Amino acid sequence: MLLHRYFIPIVLSVIVSPSRATTKEGSTIDEPENVDLLEDVKNLKQAMKGWGTNEKTIIDILTHRSYNNRLRIGTLYQETYSDSLWEDIKSETSGDFRTALKALVLTEARFFAEEMRNAMRGWGTNEDTLLLCLMLTVNDHLTVQGIKDYYESIYNRDLEDDIQDETGTPFKEFLVEVLNRPKFNESAELDEEAVTADLSDMQEFIEDEKVLDIVYLVTSRSLSHLAMLQEKYYQSEGSELIETLDEISDHHVRDGLISFMSVATDFYRYCADELHNAMDGHGTEEGIITRIIATRADKDLATIKEMYYEMFDETLSKAVQDDTSGDYEKTLLSLIN
């Protein structure tokens, strides 16, 4: 049997609840002490003034300021020059470099809202983008609500309605359920009897291949609950639940279920695996690389890059160097290192 790319061994001790708050230990942002944000604003304006653009100045500033300070820089830029920092950057840059800077100067919720809209704009839908945006914010209730709010305010559209229109059953049910998950207390004591009851239901759903029932079960449980469920399944069946889900579901909903269960088990390993797959083989999926590196740099990229080395015996920096180039590469490496 061919294992799905998201297969992750069960490690109950590793449960991650991603949040917006920065954690110094996990951040890779090396911000100087006593930064002068007004000076940053002046230098950024000067870097984009007249003919040509000083990309080095833009990279040096934005990759060495914390999330909150980058947002403050954006506000001060608007107050000082009556111009939008993002609009100026957009007019002076292009391609993946522009997208990486976009992730650094916008709020995380707005960035993901725009990424999700772009994934459903025009002909066809990029289901992988929708999935990754939701996995990276799966336990960040405030950011998810912000994504919905920005989506509505920017596009005058409802994100849930667009997902319903642009994706098919049962993947659309999965995405909508993840989007609307309640806020869970991941540190709360687990109800082992409830997990055991879910195990019985899960076994029945798997036997009858009731994929929608599986979707509704897993998306309505906390990540820590799902981690214990996977452990109990292994103890009962002698095989990994993720492997079984790979067999009974197909295409996008399979990716969704396995990604979600992988996040529940080890978020850092999930991110490292996504990065590796984005750079493995022919071609590079820059969107995946940008979404993970740019949005996790303030949070836990240090841990993710350690996991990357542990899993693939190669540094994340080396992988990025091999698969990217130019100012985009410089931006990513500055965030990683």
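Parameters at a glance
Residues numbered from 1 in each chain as written. Predicted model: local features only at pLDDT ≥ 70, side-chain atom pairs only at ≥ 80, totals over all residues. Heavy atoms only, no water. Helix = DSSP H or I, 4+ residues; strand = E, 2+ residues; numbered from the N terminus. Rg over C-alpha atoms; globule rule 2.2 N^0.38 Å. Buried < 20%, exposed > 50% of the residue type's maximum accessible area, 1.4 Å probe, protein only. Contact = heavy atoms within 4.5 Å. Areas by Shrake-Rupley, 256 points an atom, 1.4 Å probe, with all protein chains shown as cover. Lys, Arg positive; Asp, Glu negative; His and termini not counted. Charge placed at Lys NZ, Arg CZ, Asp CG, Glu CD. Phe/Tyr/Trp six-rings, centres within 6.5 Å; stacked < 30°, edge-to-face > 60°. Lys NZ or Arg CZ within 6 Å of the ring centre and 35° of its normal. Expected span 1.5 Å × (residues − 1). Salt bridge = Lys/Arg side-chain N within 4 Å of Asp/Glu carboxyl O.

Peer 1: Any chance you could explain the overall build of the chain here in plain terms?
Peer 2: The number of helices and strands found in the chain is 20 helices and zero strands. Relative to its length of 337 residues, the chain is compact, with a C-alpha radius of gyration of 21 Å against a globular reference of 20 Å. When the backbone C-alpha atoms are referred to their principal axes, the chain occupies close to 65 × 45 × 40 Å. By the burial criterion, 53% of the 337 residues in the chain qualify as buried. A separation of at least 24 residues holds for 74% of the contacts in the chain among residues at least 6 apart in sequence. Split by element, the accessible area of the chain, about 15,300 Å² in all, is 44% carbon and sulfur. Separation between the mean location of the 32 positive side-chain charges and that of the 67 negative ones in the chain comes to 8 Å.

Peer 1: Help me out: how do you make sense of the packing of aromatic side chains in this one?
Peer 2: Here the distance between the centres and the angle between the planes together describe a pair of aromatic rings. Under the definition given, this model contains seven aromatic pairs. The interplanar angle of 55° and the centroid separation of 5.6 Å between the aromatic rings of Phe111 and Phe112 together place this pair among those described as tilted. Neither Phe111 nor Phe112 differs from the other in exposure class; each is buried. Members of the aromatic cluster, connected to one another through ring pairs, are Phe171, Phe174 and Phe260. Seen from the ring of Tyr81, Lys45 lies directly overhead, with NZ or CZ sitting 5.3 Å from the centre.

Peer 1: Looking at this model, I keep getting lost on helix H15 (residues 251–265). Mind explaining?
Peer 2: The end-to-end C-alpha separation of H15 is 21 Å, in line with the 21 Å expected for 15 residues at 1.5 Å each. Buried residues dominate H15, accounting for 13 of its 15 residues.

Peer 1: How should the pattern of salt bridges be read in this particular structure?
Peer 2: Between side chains of opposite charge, a pair can form when the charged atoms approach closely. Overall, the coordinates contain 21 salt bridges when judged by the stated rule. Measuring nitrogen to oxygen at the nearest pair gives 2.8 Å for the salt bridge that ties Arg110 to Glu114. Of the two residues, Arg110 and Glu114 both sit in helix H6 (residues 108–119), four residues apart, roughly one turn of that helix. For Glu114, a relative accessible area of 9% puts it in the buried group. When the shortest N-O distance is used, the salt bridge between Lys318 and Asp322 registers 2.7 Å.

Peer 1: Just checking my understanding: could you explain the side chain of Ser66 for this structure?
Peer 2: The residue Ser66 is located in the loop between helix H2 (55–62) and helix H3 (67–81) in this model. Judged by its relative accessible area of 19%, Ser66 falls in the buried class. The contacts of Ser66, once residues within four sequence positions are left out, are Ile29, Glu31 and Asp298.

As far as function goes, none of this settles anything; it's purely spatial.
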